[in-house]
Amino acid sequence: MVEKIKTIKFSEYESADELPQADRELFCEAVEALKGSYAPYSSFNVGAAVRLSGGIMVRGANQENSAYPSGLCAERVAMFSAAARYPEQALEAIAIVASQNGKLQPAPSYPCGACLQVMAQYETKFGNKIHIIVGSGGSIQVFDGVASMMPFIFTDI
Ligand code: THU
């Protein structure tokens, strides 16, 4: 038996002002996307924005439903919307931000496992690592590739 250790690397910025321009633009787009959140059950609003290889940004926001599992997370709304509209363009980056009562959360809200699994699928489809920006009203964390958020993600290859 051997014990093994995996480490995760990410960057942390004190505020959105510190982000490189492209990341800051995507973060701002995710904040704008919050306006499309429909969260009458949780009152937890999530906004996401993806940037595609052609430079286009596509927004998504969480959508809830009285039949709970029928709703969808902001990240998947953004990714599926982008993939359906621009199927040939690689998904290069995603920014995620959450708010409650109109105020950005004080700490990053990480994508759930199902959303990470969907990101992994697009990494496989297009052969690139996705740049993941997890924002908040305070610090912002940036990860390169889904494996740096979920190291043992399912794969069938
Ligand atoms: N939610 C997201 O939009 N993204 C995630 O990664 C996790 C959770 C949403 C789903 C639901 O509308 C609300 O946050 C509370 O769970």
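Scroll up to find the structure.
All of these numbers come straight from a predicted model, not from anything done at the bench.

In this structure, isoleucine 96 sits in strand E4 (residues 91-100). Classification of isoleucine 96 by relative accessible area gives buried; the value is 1%. Separated by 32 residues in the primary sequence, isoleucine 96 and asparagine 128 have C-alpha atoms spaced 19 Å apart. Excluding residues that lie within four positions of it along the chain, isoleucine 96 makes contacts with Ala30, Val46, Gly47, Ala48, Glu75, Ser109, Pro111, Met119, Ile132, Ile133, Val134 and Gly135.

On to the nonpolar core. Core analysis: the largest hydrophobic core is formed by 24 residues, its most contacted members being Val50, Met79, Leu91, Ile94, Met119, Ile130 and Ile132. Those elements that place two or more of their residues in this core are strand E2 (44-52), helix H2 (74-85), E4, helix H3 (113-126) and strand E6 (131-134). Here the element with the most residues in this core is H3; it accounts for 5 residues. If you look at the next biggest cluster of nonpolar residues, it comprises 14 residues, including Leu19, Phe27, Ala93 and Val142.

Once that is clear, we can look at the pattern of salt bridges. For the structure shown, the criterion picks out 2 salt bridges. For glutamate 29, the salt bridge identified is with arginine 59, shortest N-O distance 2.9 Å. Highlighted residues: glutamate 29 in helix H1 (residues 21-33) and arginine 59 in strand E3 (residues 57-61), separated in sequence by 30 residues. Exposure remark for glutamate 29: the relative accessible area of 18% places this residue in the buried category.

Let us now look at unusual backbone geometry. Phi is positive for serine 43, which is not a glycine, with a value near 55 degrees. Its identity as a non-glycine residue notwithstanding, asparagine 101 has a phi of 50 degrees, on the positive side. Looking at the element boundaries, asparagine 101 is found in the loop between E4 and strand E5 (103-104).

Moving on, we come to the site of the ligand. Close contacts around the ligand come from Ser42, Phe44, Val46, Asn62, Glu64, Cys73, Ala74, Glu75, Tyr110, Pro111 and Cys112, and that covers them all. Here an oxygen atom of the ligand sits 2.5 Å away from a polar atom, N or O, in the side chain of glutamate 64. One nitrogen or oxygen atom from the main chain of alanine 74 is found 2.9 Å from an oxygen atom belonging to the ligand. Of all the secondary-structure elements, those providing two or more residues to the shell around the ligand are E2 and H2.

So, how was this worked out
- Throughout, a residue's number is its position along its own chain's written sequence, starting from 1.
- Confidence filtering applies because this is a predicted model: local features only for residues at pLDDT of at least 70, side-chain atom pairs given and counted only at 80 or more, and all residues used for totals across whole chains, interfaces and linings.
- Calculated side-chain values reflect all of the structure's heavy atoms, with hydrogen atoms and water omitted.
- Elements are defined by DSSP. Helices are runs of H or I of four residues or more, strands are runs of E of two residues or more, and each kind is numbered from the N terminus.
- Type-normalised accessible area, obtained with a 1.4 Å probe on protein chains alone, sets the label of each residue: buried when under 20%, exposed when over 50%, and partly exposed for intermediate values.
- Two residues qualify as a contact provided that any one of their heavy atoms is within 4.5 Å of a heavy atom in the partner residue.
- Grouping buried Ala, Val, Leu, Ile, Met, Phe, Trp, Tyr and Cys residues that are joined through side-chain atoms within 4.5 Å yields what is termed a nonpolar core.
- Whenever a carboxyl oxygen of Asp or Glu lies within 4 Å of a side-chain nitrogen of Lys or Arg, that contact is scored as a salt bridge.
- Here a residue counts as near a molecule or strand whenever at least one of its heavy atoms sits within 4 Å of it.
- Here a polar contact means two N or O atoms within 3.5 Å. Within protein one must be a hydrogen donor candidate and the other an acceptor candidate, and residues neighboring in sequence count only if both atoms are side-chain atoms.

Read these as layout, nothing more, since geometry by itself doesn't imply function.
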